[in-house]
Amino acid sequence: MIAEHIPVLLTEAVEALISDRDGLYVDGTYGRGGHSFEILNRLSQRGSVLAIDKDPEAITDAKRRFDQDLRISLFHGSFACLPELLVDKGLEPVSGILLDLGISSPQLESATRGFSFQTDGPLDMRMDNTTGETATEWLQSASKDHIAFVIKEFGGERYAWRIANAIVRERLKAPIFSTNRLAEIIKKAHPSWIRGQHPATKSFQAIRIHINRELKDLDYFLERVVDTLKIGGRLVVISFHSLEDRRVKRFIRSQERGQILPRNLPIPDSDRLIRLVKVGSAIKPSSAEIARNKRARSAVMRVAERIA
Ligand SMILES: C[S@@+](CC[C@H](N)C(=O)[O-])C[C@H]1O[C@@H](n2cnc3c(N)ncnc32)[C@H](O)[C@@H]1O
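To start, this report covers the structure provided alongside it. All figures in this text were calculated on a predicted structure; none of them were measured in a lab.

What follows covers the overall build of the chain. Counting secondary structure elements, the chain contains 13 helices and seven strands. Each principal axis of the C-alpha atoms in the chain carries an extent, and together these give about 60 × 60 × 40 Å. Residue burial in the chain is summarised as follows: out of 308 residues, 51% are buried. When contacts within the chain are restricted to residue pairs at least 6 apart in sequence, long-range pairs at least 24 apart make up 68% of them. For the chain, the accessible surface area stands at approximately 15,500 Å², while carbon and sulfur atoms represent 51% of it.

Another point: the packing of helix H9 (residues 179-189) against helix H10 (residues 201-211). Running from N to C, H9 and H10 point in directions that differ by 125°, and their axes come no closer than 10 Å. One finds that H9 runs oblique with respect to H10. Helix-helix and strand crossings are classified by hand; for H9 and H10 the assignment is right-handed. Here H9 contributes Thr179, Leu182, Ala183 and Ile186 to the contact with H10, which in turn contributes Ser203, Phe204 and Ile207. Looking at the contact of H9 with H10 residue by residue, the class counts come to five nonpolar, two polar and no charged.

Grouped together as the largest cluster of nonpolar side chains are 35 residues, with contacts concentrated most on Ile147, Ile167, Leu182 and Phe204. Residue assignment for this core shows that the elements contributing at least two residues are helix H6 (135-141), helix H7 (144-155), helix H8 (160-173), H9 and H10. Element by element, the count of residues in this core is highest for H8, at six residues. The two domains that each donate at least three residues to this core are domain 1 (10-106 + 214-306) and domain 2 (130-211). Counting 26 residues, the second-largest nonpolar core is a separate cluster that includes Tyr25, Leu40, Val49 and Met301.

By secondary structure assignment, the location of Ile18 is in the loop between helix H1 (10-17) and strand S1 (24-27). For the pair Ile18 and Leu43, spaced 25 residues apart in sequence, the C-alpha separation works out to 8.4 Å. In contact with Ile18, other than residues within four places in its own chain, are Tyr25, Ile39, Arg42 and Leu43.

Conventions we followed
- Residues numbered from 1 in each chain as written.
- Predicted model: local features only at pLDDT ≥ 70, side-chain atom pairs only at ≥ 80, totals over all residues.
- Heavy atoms only, no water.
- Helix = DSSP H or I, 4+ residues; strand = E, 2+ residues; numbered from the N terminus.
- Buried < 20%, exposed > 50% of the residue type's maximum accessible area, 1.4 Å probe, protein only.
- Contact = heavy atoms within 4.5 Å.
- Areas by Shrake-Rupley, 256 points an atom, 1.4 Å probe, with all protein chains shown as cover.
- Axes fitted to C-alpha atoms, helices over the stretch in contact; angles between N-to-C directions.
- Parallel < 35°, antiparallel > 145°, perpendicular 65-115°, else oblique.
- Left-handed = near helix turned anticlockwise from the far one by under 90°.
- Nonpolar A, V, L, I, M, F, W, Y, C, P; charged D, E, K, R; others polar.
- Core = buried A, V, L, I, M, F, W, Y, C linked by side-chain atoms within 4.5 Å.
- Domains from an automatic or database assignment.

If you want it as structure tokens, here you go:
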């Protein structure tokens, strides 16, 4: 049986997000709708939610779960397309945007999606399994250098080169079609196992991040997000990986610095055009939440508000 998804930092995220009960809010990572449900609960009958997910199964879930609630509209695609989506739908900038990054428990635990080495299945790993390259296809055609780079950069795996070598050697015998076979190849190539962690953990995470362009989508989204928010609108991002959180943190910090102007120009700070500021410090789940939901342990939430 596939696990339910338990939403992380649910109350904290929704409280930080909502400032106007009649507003339009974007849930950029619908998953199984835990956050969307709570947002709708707190909105008036005039408020609404635009829920986005790359995964068609998430959108199917949303159609079923919210078929009676006319306040929610759905979009199958990436949150990186939000500016175009708002234009297409004729919508104004929104009152708040939530991103709860990474993958959901049903994605991770469903053998047919190929995200996990715990259960054997086709090595797919696409959040949007209607388009793009599967992990099998990528591992079959990518150069050894590129495989090593991805595993090192996105997984922080010290033995990325050994693992890439083993993958390239093994793929000559036959394409790597299954999660178990990839996990076994990595296990054999990995010289140093950490107690309590499967040696393929970091490599699987890295390949998933690459296949789904997770960091590229986040960068592109952040580049253009300010204009999609109303003044007073909030951006709330929950990250599960230091590479994501670092991007969000740097983005907010650079926005707070405003336009970079030459130092010697007699321009007052008020002319620096600061459009977005940080709200509070980074928030992490309590130990009680982590005890209830192990997945929450690496979560970090950051909040920012558009001010101009
Ligand atoms: C951690 S889950 C979200 C869980 C959700 N907040 C809930 O409570 O049920 C992340 C979801 O975001 C989706 N996702 C990840 N990156 C995305 C992107 N760039 N665009 C749209 N959806 C994305 C994944 O497919 C997954 O369903």
